[in-house]
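This is what each chain is made of:
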Amino acid sequence: MNWFRNFMYGRYGRLDKVNIAVFIVYLALAVIRVILSIVFRVSGIMMPIGTQGFVSRIVFSVLFGLEMACLIIFILRFFSKNIAKRTEENRKFTEWTYRFRDPNSFRNKRRQARREGKELFKCPVCKKTIRVPRGRGRIEITCPNCKERFVRKT
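Values in this document were obtained by computation on a predicted structure and should not be read as measured data.

Asks: Residue-level account of the pattern of salt bridges, with values.
Replies: Summed over all chains, the structure comprises 10 salt bridges. Note that Arg 77 is salt-bridged to Asp 16, the shortest N-O span being 2.5 Å. Of this pair, Arg 77 sits in helix α3 (residues 51–78) while Asp 16 is found in the loop between α1 (2–8) and α2 (17–43), placing the two residues 61 residues apart along the sequence. Neither residue differs from the other here; Arg 77 and Asp 16 are each classed as buried. One salt bridge connects Glu 67 with Arg 33, and the closest N-O pair in it is separated by 2.5 Å. With Glu 67 in helix α3 and Arg 33 in helix α2, this residue pair connects regions lying 34 residues apart in the sequence. A single network of salt bridges, built from pairs that share partners, joins Asp 16, Arg 77, Arg 86 and Glu 89.

Asks: Describe the environment of Arg 101, and please don't skip the residues or the numbers.
Replies: Looking at the element boundaries, Arg 101 is found in the loop between α4 (83–98) and α5 (106–115). Judged by its relative accessible area of 41%, Arg 101 is partly exposed. A C-alpha to C-alpha distance of 33 Å links Arg 101 and Arg 138, two positions 37 residues apart in sequence.

Asks: Go over the state of the cysteines with me, naming the residues and quoting the values.
Replies: All chains considered together, the criterion is met by zero disulfides. Looking at Cys 123, it has no disulfide partner, and the nearest cysteine sulfur is the one in Cys 146, 3.6 Å off. Residue Cys 123 is classed as buried on the basis of its relative accessible area, which comes to 1%.

Asks: Residue-level account of the pairing of strand β2 (residues 129–133), with values.
Replies: A one-sided burial pattern is seen for β2, the buried positions being Ile 130 and Val 132 and the unburied ones Thr 129, Arg 131 and Pro 133. The pairing of strand β1 (residues 118–122) with β2 spans five bridges and is antiparallel. Residue pairing across strands places Lys 118 opposite Pro 133, the latter belonging to β2. Between β1 and β2, which pair antiparallel one after the other, the connecting turn spans six residues, and Lys 127 there sits at a positive phi close to 65°.

Asks: Could you give me a rundown of the packing of aromatic side chains, with the residues and numbers involved?
Replies: Going through the model one piece at a time under the given rule, you end up with seven aromatic pairs. Ring plane angle 90° and centroid distance 5.2 Å describe the contact between Phe 78 and Phe 79, whose orientation is recorded as edge-to-face. Measuring from centroid to centroid gives 6.3 Å for Phe 93 and Trp 96, while their planes differ by 40°, and the two rings are tilted. Here Phe 93 pairs with Trp 96, and both are found in helix α4, just three residues apart, close to one helical turn. For Trp 96, a relative accessible area of 43% gives the class partly exposed. Joined through ring pairs, the aromatic side chains of Phe 7, Phe 23, Tyr 26, Phe 74, Phe 78 and Phe 79 make up one cluster. Sitting above the plane of the Phe 7 ring, Arg 11 keeps its charged end 4.2 Å from the centroid.

What counts and what doesn't
- Residues numbered from 1 in each chain as written.
- Predicted model: local features only at pLDDT ≥ 70, side-chain atom pairs only at ≥ 80, totals over all residues.
- Heavy atoms only, no water.
- Salt bridge = Lys/Arg side-chain N within 4 Å of Asp/Glu carboxyl O.
- Helix = DSSP H or I, 4+ residues; strand = E, 2+ residues; numbered from the N terminus.
- Buried < 20%, exposed > 50% of the residue type's maximum accessible area, 1.4 Å probe, protein only.
- Disulfide = S-S within 2.5 Å.
- Pairing = 2+ DSSP bridges.
- Phe/Tyr/Trp six-rings, centres within 6.5 Å; stacked < 30°, edge-to-face > 60°.
- Lys NZ or Arg CZ within 6 Å of the ring centre and 35° of its normal.

Encoded structure:
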């Protein structure tokens with residue numbers, strides 16, 4: 001195992017978010033190719049006579065090429081010696097994907113409130129978010145917006 005440690009010395013060797021995303025795309029393409037292969041066999045499109053066999057061969061070739069490209073990118077990034085560039089790529093990818101995640105979602109707000117010792121509930125009538133202290137048992141909550149009263153466990 002010492003030879004592998006020596007080989008990996010000075011290499012990136014991390015499963016960062018970019019490598020994970022590339023590997024997930026690789027797996028998705030592989031699953032799509034297997035599903036299409038089953039569909040083509042069942043429907044009889046795989047017949048070598050005529051244009052249907054030609055179309056299926058092109059589809060499988062393109063999918064296989066994309067799979068191999070993803071695998072090669074994954075391996076090259078993993079064994080790269082340019083650590084600064086890989087780290088910068090991961091930072092940019094993380095920033096790019098951050099806009100698809102909603103930092104103001106109810107789930108993220110609930111997680112933040114729990115860290116602060118609070119619990120979040122939505123009013124059943126007006127859907128306003130209400131913050132109450134945690135660990136008080138069953139309490140009656142009055143919505144400040146519509147004055148609706150409801151009981152929840154904190």
